[in-house]
Every structure is written in structure tokens, then in C-alpha cells.
Amino acid sequence: MAGTGLTNCRNEQMKLLDVPKEEKKTSFLQRFINTYRYKCCLINWIILLFCSKDHDLEDLEMQVVRYKPEGLEVLCRKSKFSKKELQIMYRGFKQECPTGIVNEETFKEIYAQFFPQGDSSAYAHYVFNTFDHDRNGSLSFEEFVMGLSVLSRGTLQERLQWAFNLYDINGDGFITKDEMTDIVSAIYEMMGRFSEPMIDENTAKEHVERVFLKMDTNRDGVITFDEFMDTCRRDENITKGMAIFDTVL
């Protein structure tokens, strides 16, 4: 929807992660950076923090190898990240959050850095809630990683489950029109001037009406998990559209 615009608005920030093309051998850190450049803003935030000091990549590689946060083996088994990837992410995470906790305001600031063209605060709030499983108002490194693991490397089933949970704001197992309108409006606000079509007060409501016509198969005014999953599996456009999480997350 707005991939080109998002890439342009992040070009300056991501220069820090550029790796010379002429290098024939790529380190693990370089490969990790290349994998997530322009894809997942939350992981890019971690990498930017990790690389923010005046070190070359070989120095950073040595730091990664030596750094072993407690519980790493367990987290490696539970998530879809390797030990080295978790070490990189943990160092960046601890640099910004020395207490080991991310609160909602910090989470919103992360999104604001990568989506300066709009207001990302509402969308960041909803994403934060999907990560905050114990609902204590803060994210541990473990919660942060497990959320990223699903979104960046989860199966289609896992990503669709996450999407349903995002729209099901009150967690009652149903998506209402009001809930979907809140999420869609938040996405449009975040995309700002790059939104297509251009936003007006009816854009989100019209979008939601079209979705409900397709997903609410029994016309009872709500979308169940089964209706959501069945529609998504049958609709190739929705399946392909799941790639948007590589941009907005």
C-alpha cells in the first residue's frame, strides 16, 4: 500500500546499516542486517541501537559472540531466532532499556521514528497490547522477542492468529465493526500522506463494511475466528497482503 513511501522516509535512518557491496565475505551480523533492512521496524530499531556507536562490523561481531544473556537457550528454543540473533537483539534492547523493560511510551516512540509521515501512536498502542500478554503495561525482552518471532518468521497460520488478536481489541473472541474501524483508522493515521486512498472521515468505515461483507458469512454483525481464518485462507489477496506486516511492523 505504501511500501515505496515508507522506504523513502526511512532511507536516512537506515544508512547506518549499509554494508559495502564490494565485500565478498559477509559476517553473521551483516547477513542479519541485510535480512531485516526495510522490513520490520521493531527489529530495525534494535539493530540501529546496536550499531549506533562508532564500531566497525568486525568489532560488533566479536561483542555479539561474547554476550550471553541469561535464559538465552530457553528463548532460542521457544522463538524462531538463533542464539546470535538473540544476542544482537538483546544488546540493542538493553542499550535503550537498561531496566530490561519497554513501556508503552517507548514503544510508541519506536514507531514514531519509522513512520514520521503520520501519527502512529494509536496503532503502536494496539500492537503493544498484543505483545503484552500478562497485561502489566510493560514488555520484557522475552515478550518482545516472542512477538517479533511470530510476526517476522511465523507461519501464515500464526500470523493470521496474531492479526485476529490485533483486531479483537477486547479479547472476547469476536471482531466487531467498531473494533475493526479503530484498527483500520489507526493504520490510516500512521500511513499519513502515503495512504491510498486519501483519508477522509468515511474511508475507514467504508473499508470495514467491505471486509464485513466478505468475512461475516452468517451476517450476525461480528467476525468469529473461524470466519476470519476461512476467508483469509480462501482469498489469495488477503494471504499476499499479510506481507504488509513486513512494512508496518
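In this convention, every chain numbers its residues from 1, walking through the sequence in written order. Two thresholds apply to this predicted model, a pLDDT of at least 70 for residue-level local features and 80 or more for giving and counting side-chain atom pairs, whereas whole-chain, interface and lining totals are computed over all residues. Neither water nor hydrogens contribute to the side-chain values; these are computed over all heavy atoms in the structure.

Asker: Explanation requested: the overall build of the protein in the structure shown.
Answerer: The helix and strand tally for the protein stands at 15 helices and four strands. Each of the 249 residues in the protein was classed as buried or not, and the buried ones make up 47%. Any two residues whose heavy atoms approach within 4.5 Å are treated as being in contact. The long-range share in the protein, meaning contacts at least 24 apart out of those at least 6 apart in sequence, stands at 64%. Values of accessible area rely on a 1.4 Å probe in the Shrake-Rupley scheme; residue burial ignores everything except the protein chains shown. Roughly 12800 Å² of accessible area belongs to the protein as shown, and the carbon and sulfur atoms make up 50% of that amount. What counts as a helix is a DSSP run of H or I of at least four residues, what counts as a strand is a run of E of at least two, and both are numbered from the N terminus. With a 1.4 Å probe rolled over the protein chains alone, any residue whose accessible area is under 20% of its type maximum counts as buried; one over 50% counts as exposed, and the rest are partly exposed.

Asker: Sorry if this is basic, but what is going on with the confidence of the model for the protein here?
Answerer: Parts of the prediction with low pLDDT should not have their coordinates interpreted in detail. Per-residue confidence from the predictor is reported as pLDDT, a score between 0 and 100. Averaged over every residue, the pLDDT of the protein is 74; the share at 70 or more is 63%. Considering only residues more than four positions removed or in separate chains, one finds that residues 1-26, a stretch of pLDDT under 50, has 47 contacts. Note that residues 244-249 has pLDDT below 50 and, in this model, 28 contacts with residues that lie over four places away or in other chains.

Asker: It is not clear to me how helix H7 (residues 104-114) should be interpreted in this structure. Could you clarify?
Answerer: Residues spaced three or four apart along an α-helix face the same direction, because each turn holds 3.6 residues. Restricting attention to buried positions, one finds in H7 the residues Glu104, Thr106, Phe107, Ile110, Tyr111 and Phe114. Buried residues along H7 cover an arc of 165° about the axis, so they all sit on one side. Think of a polar contact as two N or O atoms within 3.5 Å of one another; within protein, one of them needs to be a possible hydrogen donor and the other a possible acceptor, and neighboring residues in sequence only count if both atoms come from side chains. Between a side-chain oxygen at the N-terminus of H7 and the backbone nitrogen of Glu105 the separation is 3.2 Å; the capping residue is Asn103. Each direction from the helix axis to a C-beta atom contributes to the arc, which is the arc of those directions.

Asker: I keep staring at the packing of H7 against helix H8 (residues 121-131) and nothing clicks. Help me out?
Answerer: The description of two packed helices rests on the angle between their axes and on the distance between the axes. Axis definition: a line fit to C-alpha positions, over the contact stretch in the case of helices; interaxial angles, taken between N-to-C directions, run 0 to 180 degrees. At a minimum axis separation of 9 Å, H7 and H8 run at an interaxial angle of 125°. The pairing of H7 with H8 is recorded here as oblique in orientation. Of the two possible hands of crossing, H7 and H8 adopt the one that is right-handed. Residues Glu104, Phe107, Lys108 and Tyr111 of H7 form the contact with H8, whose own contacting residues are Ser121, Tyr123, Ala124, His125, Val127 and Phe128. For this classification, Asp, Glu, Lys and Arg are treated as charged, while Ala, Val, Leu, Ile, Met, Phe, Trp, Tyr, Cys and Pro are nonpolar and the rest, including Gly, are polar. Looking at side-chain class alone, the contact of H7 with H8 contains six nonpolar, two polar and two charged residues. Should an angle fall under 35 degrees it is taken as roughly parallel, and over 145 as roughly antiparallel, whereas 65 to 115 is taken as roughly perpendicular and any remaining angle as oblique. Take the far helix as your reference; a near helix turned counterclockwise from it by less than a right angle gives a left-handed crossing, and one turned clockwise gives a right-handed crossing.

Asker: Whenever I open this one, the side chain of Thr130 confuses me. Can you help?
Answerer: Position of Thr130 among the secondary structure elements: in helix H8. Taking relative accessible area as the criterion, Thr130 reaches 12% and is therefore assigned buried. Among the polar contacts listed, one links the side chain of Thr130 to the side chain of Trp162, at a separation of 2.9 Å. Setting aside residues up to four positions removed in sequence, Thr130 forms contacts with Trp162, Asn165 and Leu166.

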